[in-house]
Amino acid sequence: ALLRSIYNGAFPASLLSGEPQPLWERGTRIALSVAIAGGPVWVWHWYQATRRDMESTLRQVYLYLYAILLGALTILTSLALSLNLILGWLLGASYAPTGAVHFRALPGFIAPLIVGLALWVYHWNTVQQESKQLTFRLLAARRAYTYFMAALGLATIAAGLIVLIPTIIDIFVPSARGLLLGADWWRVRTSWILTLLIIGAPWWGYYWLSVQNQARKGGAEERAALTRRLHVYIVLVLSMLSLLGSLVFTIFSFLQAALGGTLSAEVFRQAKWGIGVFVAAALIAYYYWRALKEDLAIGAERIARKVSVTLLVGPQGKGLASQLEEKLGYKLNVI
């Protein structure tokens, strides 16, 4: 609300009057009221009520799945919307009469970007500090977080490919374009394609290379981790379902046109999105199938189950327990 007020003050929000709106508008007052009400509640619960909960599983759920993960998702979404707005203007895809009107939505994208970044940085630093004392207990949560972040990047790449393929078809098969598309239809599509691929590729590449390096170092033990198995198999299952569904849809489109006596280049108008999904799903399925075969070759599915170990120690043995947990890679029952 504050950024929107500043923007509207610098660039008149009303196209009719041309008068700038006041900074202290109703939206700013409401937003400040919400912050004043919510801030102390979070501060008391985080710094006072939960200060002894470092080993709590629920704390890890909050840190990784809520604060850090949702913070990263907010950053990804805000970056995509902001970059698309900028690329749309550079490519001439905007129908706004002026730059001030075109970028009116930018404060609404930058604000959650700042909030998401602050949320992510603060809680990630908290995790880094606590991980020094809870090396093993945070390992599973950190692994789950990394694979989920890789999944977000992969989904962004897939969306970019799904838009890219129909755009290529529209360029080479003019009859496949929609009837209402103007001469500049490609500008909007191109801005979204560039946005999704520019953000998704580095995002996925960073986190996937990270888990791949970890898998190479950890060997069969790391490749047999439940989080990795879930990530690889879920991506493969979704890719194969998308592959099959898009193939059925594409074949149906061509058969319907052929049996109806209307088979022509216009059939691509309906089938192009199915082809886009098919190509994206095929590329992802092929890559992850190779990753799965590599895991299986190293013995990820043959890894033995860990036994339940109980360690009986005296008062001086707490340090030994944590060292053993870190070496063995799983939790001990300490008495």
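Residues numbered from 1 in each chain as written. Predicted model: local features only at pLDDT ≥ 70, side-chain atom pairs only at ≥ 80, totals over all residues. Heavy atoms only, no water.

1. Quick word on the overall build of the protein chain
And then number 1: Across its full length, the protein chain carries ten helices and two strands.
And then number 2: Relative to its length of 335 residues, the protein chain is extended, with a C-alpha radius of gyration of 26 Å against a globular reference of 20 Å.
And then number 3: Once the C-alpha set of the protein chain is aligned to its principal axes, its extents read approximately 80 × 60 × 25 Å.
And then number 4: In the protein chain, which comprises 335 residues, the share counted as buried stands at 35%.
And then number 5: Contacts in the protein chain between residues far apart in sequence, at least 24 positions, make up 71% of those at least 6 positions apart.
And then number 6: A gap of 2 Å separates the mean positions of the 29 positive and 15 negative side-chain charges of the protein chain. (Helix = DSSP H or I, 4+ residues; strand = E, 2+ residues; numbered from the N terminus. Rg over C-alpha atoms; globule rule 2.2 N^0.38 Å. Buried < 20%, exposed > 50% of the residue type's maximum accessible area, 1.4 Å probe, protein only. Contact = heavy atoms within 4.5 Å. Lys, Arg positive; Asp, Glu negative; His and termini not counted. Charge placed at Lys NZ, Arg CZ, Asp CG, Glu CD.)

2. Points about the layout of surface pockets
And then number 1: Put simply, the second largest pocket is a space of about 390 Å³.
And then number 2: Taken together, 17 residues line the second largest pocket, and the ones lying closest to its centre are Trp 124, Arg 142, Arg 143, Thr 146 and Ser 210.
And then number 3: Here the lining of the second largest pocket is composed, by residue class, of eight nonpolar, five polar and four charged. (1 Å grid on protein atoms, 1.4 Å probe; cavity = no way out; pocket = protein on both sides within 12 Å on 5 of 7 lines; lining within 4 Å. Points joined across faces, edges and corners; volume = space filled by probe spheres on them. Nonpolar A, V, L, I, M, F, W, Y, C, P; charged D, E, K, R; others polar.)

3. Here we look at the confidence of the model for the protein chain
And then number 1: Taken over all residues, the pLDDT of the protein chain has a mean of 85, while the share at 70 or more is 90%.
And then number 2: In the model of the protein chain, helix H1 (residues 2-10) stands out as the element of lowest mean pLDDT, 78, in contrast to helix H8 (residues 226-259), which has the highest, 93. (pLDDT = per-residue confidence, 0-100.)

4. Quick look at the nonpolar core
And then number 1: Core analysis: the biggest nonpolar cluster contains 34 residues, and Tyr 64, Tyr 145, Met 149, Trp 203, Trp 204, Trp 208 and Tyr 288 have the highest contact counts within it.
And then number 2: Listing elements by their share of this core, those giving two or more residues are helix H3 (57-90), helix H5 (106-131), helix H6 (139-172), helix H7 (185-223), H8 and helix H9 (268-298).
And then number 3: Top contributing element to this core by residue count: H6, with ten residues.
And then number 4: If near-sequence neighbours (up to four positions away) are discounted, Met 149 is found in contact with Leu 69, Ala 72, Trp 203 and Tyr 207. (Core = buried A, V, L, I, M, F, W, Y, C linked by side-chain atoms within 4.5 Å.)

5. Re the packing of H3 against H5
And then number 1: In contact at an axis separation of 8 Å, H3 and H5 are set at 150° when each is read in the N-to-C sense. Relative to H5, the element H3 is oriented roughly antiparallel. Regarding H3 and H5, the two cross each other, and that crossing is left-handed.
And then number 2: Here the residues of the contact of H3 with H5 are counted per class, giving 20 nonpolar, seven polar and two charged. (Axes fitted to C-alpha atoms, helices over the stretch in contact; angles between N-to-C directions. Parallel < 35°, antiparallel > 145°, perpendicular 65-115°, else oblique. Left-handed = near helix turned anticlockwise from the far one by under 90°.)

6. Quick look at H7
And then number 1: The end-to-end C-alpha separation of H7 is 45 Å, well short of the 57 Å expected for 39 residues at 1.5 Å each.
And then number 2: The principal kink in H7, of about 95°, is found at Lys 217. (Expected span 1.5 Å × (residues − 1). Bend = angle between axes of the 7 residues up to and from the residue.)

7. Structural notes on the pattern of salt bridges
And then number 1: By the definition in use, this model includes seven salt bridges.
And then number 2: Of the charged contacts in the structure, one is a salt bridge between Arg 223 and Glu 294, with a shortest N-O distance of 3.3 Å. Placement of Arg 223 in helix H7 and of Glu 294 in helix H9 is noted, with a sequence separation of 71 residues between them.
And then number 3: Using a relative accessible area of 2% as the deciding quantity, one classes Arg 223 as buried.
And then number 4: Taking the relative accessible area as the measure of exposure, Glu 294 reaches 33% and is therefore partly exposed.
And then number 5: The partner of Asp 295 in a salt bridge is Arg 228, and the shortest N-O contact between them spans 2.9 Å. Highlighted residues: Asp 295 in helix H9 and Arg 228 in helix H8, separated in sequence by 67 residues.
And then number 6: A relative accessible area of 0% means that Asp 295 is categorised as buried. (Salt bridge = Lys/Arg side-chain N within 4 Å of Asp/Glu carboxyl O.)

8. What to know about the side chain of Thr 156
And then number 1: Relative to the elements of secondary structure, Thr 156 occurs in helix H6.
And then number 2: In this structure, Thr 156 is in contact with Leu 76, Leu 196 and Gly 200, ignoring residues within four places of it in sequence.

9. Points about the environment of Asp 53
And then number 1: Along the chain, Asp 53 falls in the loop between helix H2 (26-49) and H3.
And then number 2: Overall, Asp 53 belongs to the partly exposed group, its relative accessible area being 32%.
And then number 3: The spatial distance from the C-alpha of Asp 53 to the C-alpha of Arg 4 is 38 Å, given a sequence separation of 49 residues.

10. Considerations on the environment of Ser 94
And then number 1: Tracing the backbone through its elements, the reader meets Ser 94 in the loop between H3 and helix H4 (99-102).
And then number 2: By relative accessible area, which is 21% here, Ser 94 ends up partly exposed.
And then number 3: In contact with Ser 94, other than residues within four places in its own chain, are Gly 88, Trp 89 and His 102.

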